[in-house]
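Okay, here's what each chain looks like letter by letter:
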Amino acid sequence: MENSENFQPLAIFTGNAKIGQVMGGVQALTLTPQDLSSPTSLQMALTRIMDSIAKLSTSEPQKKWVADIRFTDGMGNQVSFAVDLGPMPPLEAKEYKARIIVELLKDEPPALEGTR
C-alpha cells in the first residue's frame, strides 16, 4: 500500500460551516427526492418520521454538536454535508470557513494477516 504522503490533493474547496446542536436520533427526520416520487413513498416516509418522533418522546434526548458544511463543487453544484462534532462544548462562533480537501486513493483489498 502506498504511503499517503505520496498523494497530492486533487482539489481544495472552500465553503462555510454552521455550528449547531441537534437531537440524537433525528437522522430519520429527512426527506429525499425518492420519498416524493409517489404518494405511497411519501406515506412511507411520513410513517418513518412519525415513528422516529414517537421514539424520541419516550427516550432521554441526547444532544450533539454538528457542523453543516456547504460549498460549490468544480461543476458549480451546491454540496452540503454534516460533520458530527460530538458532545463538545460550544465553539466561540456559530459560523466558520471550511476547507474541503479531495484526494483520490487506490482501492486495494486489505492484505490478509500472515500472508506475504
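Numbering of residues begins from 1 in every chain and follows the order in which that chain's sequence is written. In keeping with the model being predicted, local features are shown solely for residues with a pLDDT of at least 70 and side-chain atom pairs are shown and tallied solely at 80 or more, while totals for entire chains, interfaces and linings include all residues. Think of the side-chain values as coming from all heavy atoms in the structure, minus any hydrogens and water.

Another point: the pairing of strand S1 (residues 11-23). Across eight bridges, the pairing between S1 and strand S4 (residues 95-102) is antiparallel. Note that in S4 the partner of glycine 15 across the bridge is alanine 98. DSSP calls a pair of strands paired once it identifies at least 2 bridges connecting them. Elements are defined by DSSP. Helices are runs of H or I of four residues or more, strands are runs of E of two residues or more, and each kind is numbered from the N terminus.

Note that serine 41 resides in helix H1 (residues 39-58). Residues are treated as being in contact if the distance between any of their heavy atoms lies within 4.5 Å. Apart from residues no more than four positions distant in its own chain, serine 41 is found in contact with Gln34 and Asp35.

Attention shifts here to the nonpolar core. Residues grouped as a nonpolar core are buried Ala, Val, Leu, Ile, Met, Phe, Trp, Tyr and Cys residues, joined through side-chain atoms within 4.5 Å. With a 1.4 Å probe rolled over the protein chains alone, any residue whose accessible area is under 20% of its type maximum counts as buried; one over 50% counts as exposed, and the rest are partly exposed. Counting nine residues, the largest nonpolar core consists of Phe13, Ala17, Ile19, Trp65, Ala67, Ile69, Phe71, Ala98 and Ile100. In terms of residues, this core owes the most to one element, strand S2 (residues 63-72), which gives four residues. Once residues lying within four places of it in the same chain are set aside, the contact partners of phenylalanine 13 are Phe71, Thr72, Asp73, Gly74, Ala98, Arg99, Ile100 and Val102.

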